[in-house]
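If you want the building blocks of each chain, they are given just below.
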Amino acid sequence: MTTLEHVAPQRPTSLPLGKAINAGLRRAMENDPKVLLMGEDIGKLGGVFRITDGLQKDFGPGRVLDMPLAESGIIGTAVGLAMRGFRPVCEIQFDGFIYPAFDQIVSQVAKLHYRTSGNVKIPMTIRVPYGGGIGAVEHHSESPEGYFAQTAGLRVVTCSNAADGYSMIQQAIASDDPVLFFEPKRRYWEKGPIDLDADASYPLHRARVVTEGTDLTLIAYGPLVATARKAAEVAAHEGVSIEVIDLRSLSPIDFETIEASVRKTGRLVVTHEAPVFMGLGSEIAARISERCFYNLEAPVLRVGGFGTPYPASKLEKFYLPDVDRILDAVDRCRSH
């Protein structure tokens, strides 16, 4: 007669992005009792996207706080908590709801460390589900990252996959500086490999080459990394080798990784959901044109949203950059 030995259950090796962020929040809360979560409907409900599901149950309402529908009040309260040594993590329910808190973020959160000659730290994280592609109504599909990337005193990052979502949220919370953490909401349900036991070792502000290539560099971040990779796959069938870079950090930007790639390929296309005018692609194009002028074989091209308010859901497929629009820019860049 044989006996069955108890076998400890294996930790998941594949999770959707939303679940990975949830696991990252949980680990940060386990490791540091000063980590608090704050937001609208994030407690019992677990947030509109269920990113904080189960956390109030396990950590209590004193650490996972359901706040009033007042974004300015949420951020203002978090500033006071951060000044007293806590590490608040604020959820902005949708990207378009961040504007009532804009003054608090750019006038207080971003400036207090500088204003106090470094004597006061503001270790707070602001989570922002952003971008389109979910068929939402007005003010639910915007890409406001450029407003904050331009603001000195803020770190701005965005994940594109489960592994980065898990590690980057922990790194953001551990930072002594305020971090805007943009989450691509249409990718919440996409699964990816993840090691829940691994420590976050990849630098938070370093870009990542996700597809190696030799003919052209294609930069994307957040929701468009998956689209850029698909474009590279299609191009490969036509004999074009595209190097795809996931930017990950929007402020500061890892120009060293971009420059190394452009010096190899000689061509650059940048894509993001935000409008092309004054978008992150503008700064990248200008910097690379300055630093890699003699390596470039063609002008830097940008693919992004149009100069209109975000359209109704039935029209968003025409607004958002897709594989065809990206490949059109690749063809134009290679034609020079």
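Just so we're clear, the structure is a prediction, and the values are computed from it rather than from any experiment.

Participant: In this structure, what is going on with the overall build of the chain? I would like to understand it.
Facilitator: Looking only at helices and strands, the chain features 12 helices and 14 strands. Against the compact-globule benchmark of 20 Å for 336 residues, the chain has a radius of gyration of 21 Å, which places it among compact chains. C-alpha extents for the chain along the principal axes are approximately 70 × 60 × 40 Å. The proportion of buried residues among the 336 residues of the chain is 53%. The long-range share in the chain, meaning contacts at least 24 apart out of those at least 6 apart in sequence, stands at 81%. Here the chain has roughly 15,600 Å² of accessible surface; of this, 53% comes from carbon and sulfur atoms. Each charge class in the chain was averaged separately, 36 positive and 41 negative side chains, and the resulting centres sit 3 Å apart.

Participant: Quick question: what am I supposed to make of the packing of aromatic side chains here?
Facilitator: The way to describe two aromatic rings as a pair is by their centre distance and the angle between their planes. Taken as a whole and judged by the stated rule, the model has 13 aromatic pairs. Where phenylalanine 49 meets tyrosine 188, the ring centres are 5.1 Å apart and the plane angle is 50°; that geometry is what we call tilted. Of this pair, phenylalanine 49 sits in the loop between strand 2 (35–39) and helix 2 (55–59) while tyrosine 188 is found in the loop between strand 7 (179–184) and strand 8 (191–193), placing the two residues 139 residues apart along the sequence. We classify tyrosine 188 as buried; its relative accessible area is 3%. Ring centres of phenylalanine 102 and phenylalanine 148 lie 5.5 Å apart, and the angle between their planes is 50°; this geometry places the pair in the tilted category. Here phenylalanine 102 is found in helix 4 (residues 102–109), whereas its partner phenylalanine 148 is found in helix 6 (residues 145–149), with 46 residues between them in sequence. The exposure class assigned to phenylalanine 148 is buried, which follows from its relative accessible area of 0%. By way of ring pairs, the aromatic residues Tyr99, Phe102, Tyr130, Tyr147, Phe148 and Phe182 are connected into one cluster. Taking NZ or CZ as reference, arginine 206 lies 5.8 Å from the ring centre of tyrosine 202, over its face.

Participant: Sorry, what's going on with the packing of helix 9 (residues 255–265) against helix 10 (residues 280–291) here?
Facilitator: The interhelical angle for the contact between helix 9 and helix 10, taken along N-to-C directions, is 60°, at an axis separation of 11 Å. Classified by the angle their axes make, helix 9 and helix 10 are oblique. Considering how the two elements wind past one another, helix 9 and helix 10 form a crossing that is right-handed. For the pair formed by helix 9 and helix 10, the contact residues are Phe255, Ile258, Glu259, Val262 and Arg263 on the first element and Glu283, Ile284, Arg287, Ile288 and Arg291 on the second. A breakdown of the residues in the contact of helix 9 with helix 10 according to their chemical character gives five nonpolar, no polar and five charged.

Participant: Before we go on, may I ask you to explain the sheet that holds strand 7 in this structure?
Facilitator: In a beta sheet, neighbouring strands are held together by backbone hydrogen bonds and run either parallel or antiparallel to one another. The strand order across the open sheet built from seven strands is 3-2-4-5-7-6-12, with neighbouring strands paired in mixed fashion. Looking at strand neighbours, the two that pair on one side only are strand 3 (64–66) and strand 12 (249–251), the edges of this open sheet. Each strand axis lies, on average, 20° off the axis of its neighbour in the sheet, ignoring direction. Judged from the two bridges that link them, strand 6 (residues 155–158) and strand 12 form a sheet pairing that is antiparallel. Within strand 12, the position partnered with valine 157 by the bridge is serine 249.

Participant: Help me out: how do you make sense of the UniProt feature "domain: Transketolase-like pyrimidine-binding" (unreviewed entry) in the chain in this one?
Facilitator: UniProt tags residues 15–190 as "domain: Transketolase-like pyrimidine-binding" (unreviewed entry). Helix makes up 36% of residues 15–190 and strand 18%, with an end-to-end C-alpha separation of 8 Å.

Participant: Even after reading the chapter, I still don't get the side chain of serine 143, so can you show me in this structure?
Facilitator: When you line up the elements, serine 143 lands in the loop between strand 5 (125–130) and helix 6. Residue serine 143 is classed as buried on the basis of its relative accessible area, which comes to 18%. Beyond its immediate sequence surroundings of up to four residues, serine 143 is in contact with Tyr130, Gly131, Glu273 and Ala274.

Participant: Where do I start with the sheet that holds strand 9 (residues 208–211) in this structure?
Facilitator: Read across the sheet, five strands follow the order 9-11-10-13-14 without closing on themselves; strand pairing throughout is mixed. Here the strands that pair on one side only, and so sit at the sheet edges, are strand 9 and strand 14 (301–305). Averaged over neighbouring strand pairs, the angle between their axes works out to 25° when direction is ignored. Against the sheet, helix 12 (residues 323–334) touches strand 10 (216–220), strand 11 (242–246), strand 13 (268–275) and strand 14, its axis set at about 165° to strand 14.

Participant: For this particular structure, what's the right way to read the pairing of strand 14?
Facilitator: Counting buried residues in strand 14 gives four out of five residues, a clear majority hidden from the surface. Relative to strand 14, strand 13 is paired through four bridges, and the arrangement is parallel. Paired with threonine 271 across the strands is valine 303, a residue of strand 14. The parallel pair strand 13 and strand 14, bridged by helix 10, forms a crossover whose chirality is right-handed.

Quick notes on the rules
Residues numbered from 1 in each chain as written. Predicted model: local features only at pLDDT ≥ 70, side-chain atom pairs only at ≥ 80, totals over all residues. Heavy atoms only, no water. Helix = DSSP H or I, 4+ residues; strand = E, 2+ residues; numbered from the N terminus. Rg over C-alpha atoms; globule rule 2.2 N^0.38 Å. Buried < 20%, exposed > 50% of the residue type's maximum accessible area, 1.4 Å probe, protein only. Contact = heavy atoms within 4.5 Å. Areas by Shrake-Rupley, 256 points an atom, 1.4 Å probe, with all protein chains shown as cover. Lys, Arg positive; Asp, Glu negative; His and termini not counted. Charge placed at Lys NZ, Arg CZ, Asp CG, Glu CD. Phe/Tyr/Trp six-rings, centres within 6.5 Å; stacked < 30°, edge-to-face > 60°. Lys NZ or Arg CZ within 6 Å of the ring centre and 35° of its normal. Axes fitted to C-alpha atoms, helices over the stretch in contact; angles between N-to-C directions. Parallel < 35°, antiparallel > 145°, perpendicular 65-115°, else oblique. Left-handed = near helix turned anticlockwise from the far one by under 90°. Nonpolar A, V, L, I, M, F, W, Y, C, P; charged D, E, K, R; others polar. Pairing = 2+ DSSP bridges. UniProt positions renumbered as here; feature names shortened; annotations may be inferred. Right-handed = clockwise from strand over helix to strand, strands pointing away.

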